[in-house]
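Take a look at the letters that make up each chain.
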Amino acid sequence: MTDQPSRRRHSPAVYRRRRLVVLLAIIAIGASIWLLIAQPWQGSAADNTTSSQTASQEAASDLPVPGSTSSESTPGATDAAATPDASATPTVTPCLESNITVVPLTDKTSYGSGENPQLSIRLTNDGETDCSLNVGTSAQKFEITSGSDTWWRSTDCQSEPSDMVVMLAAGQTVESAAPLEWDRTRSSVSTCDDESRPRAPGGGATYNLTVEIGGIPSLEEAMFLLY
């Protein structure tokens, strides 16, 4: 009787490798089926585009306020009802001074000791057509006077001014997104970092705020009292 050839027995390591290959194949097949059904990349591109557009619009609505070396050196930014004026849009013409109304604003009309005035700008396009205007910090100017004495200018210690051209729709009114604080001291280009600058007298003294933006000055003043 002829002996049957003996079967070769493989080592345990060989069987473990074979089981691992089978397991990986099952996982790969399952992942492929899931990708075909779920298609996780669909919608994500659109969602990312929407998120980018939203972020862009939000950034445009809060115009940038460059950093400064002192608290009074950065004029407040104009609010974002205004939209960025694309340079590729030739139909939007620059705003005419006669069509723009600029108004200075303070958060109060009277300030007690230790309270600092918060200053803002409101501008309105009174024209019948949309127009573009530079409302960046380079085009903003706040000035505080008391009688004939000029106490403070926002441009005296301004650092890194920037441009921001926006489109103002016909009839649109926008205001500063964030107010500019006056620290109640006298400004000067030579005393920006001086902590001992003269302080404005209180005791019910009267002060007036005027503003300018995009080369267009306010036609009125905002009066307030310091105590």
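Heads up: these notes are all about the structure in this document. (Residues numbered from 1 in each chain as written. Predicted model: local features only at pLDDT ≥ 70, side-chain atom pairs only at ≥ 80, totals over all residues. Heavy atoms only, no water.)

1. Things to note about the packing of aromatic side chains
In this description, a pair of aromatic rings is defined by centroid distance and the angle of the planes. Considering all chains together, one arrives at five aromatic pairs under this definition. Geometrically, the ring pair formed by Tyr-111 and Phe-224 is edge-to-face, given 5.7 Å between the ring centres and 90° between the ring planes. Residue Tyr-111 is found in strand 4 (residues 110–111), and its partner Phe-224 is found in strand 14 (residues 222–226); the two are separated by 113 residues along the sequence. The class of Tyr-111 is buried, set by a relative accessible area of 1%. Exposure remark for Phe-224: the relative accessible area of 0% places this residue in the buried category. Ring centres 6.3 Å apart and planes at 70° place the aromatic pair Trp-182 and Phe-224 in the edge-to-face group. Linking Trp-182 in the loop between strand 11 (180–181) and strand 12 (205–213) with Phe-224 in strand 14, this pair joins segments that are 42 residues apart in sequence. The residues Trp-182 and Phe-224 share a single accessibility class, namely buried. Feature note: the residues Tyr-111, Trp-152, Trp-182, Tyr-207 and Phe-224 constitute an aromatic cluster, connected by ring pairs. (Phe/Tyr/Trp six-rings, centres within 6.5 Å; stacked < 30°, edge-to-face > 60°. Helix = DSSP H or I, 4+ residues; strand = E, 2+ residues; numbered from the N terminus. Buried < 20%, exposed > 50% of the residue type's maximum accessible area, 1.4 Å probe, protein only.)

2. A word on the environment of Trp-182
With relative accessibility at 0%, the residue Trp-182 sits in the buried group. The spatial distance from the C-alpha of Trp-182 to the C-alpha of Gln-118 is 6.6 Å, given a sequence separation of 64 residues. Other than its neighbours up to four places away in sequence, Trp-182 contacts Asn-116, Pro-117, Leu-119, Ile-144, Trp-151, Trp-152, Ala-200, Tyr-207, Phe-224 and Leu-226. Within the structure, the side chain of Trp-182 is placed 3.0 Å from the backbone oxygen of Thr-185, a separation counted as a polar contact. (Contact = heavy atoms within 4.5 Å. Polar contact = N/O pair within 3.5 Å; in protein donor to acceptor, adjacent residues only side chain to side chain.)

3. Quick notes on the pairing of strand 7 (residues 140–146)
Burial within strand 7 is extensive, with five of its seven residues counted as buried. With six bridges connecting them, strand 7 and strand 12 associate as antiparallel partners. From the neighbouring strand, Ile-144 faces strand 12, where its bridge partner is Leu-209. Of the pairings in the sheet, the one linking strand 7 to strand 8 (residues 149–153) comprises four bridges and is antiparallel in character. Counterpart to Ser-146 in the pairing with strand 8 is Asp-149. Linking strand 7 to strand 8, which pair antiparallel, is a turn of two residues; within it Gly-147 sits at a positive phi near 65°. (Pairing = 2+ DSSP bridges.)

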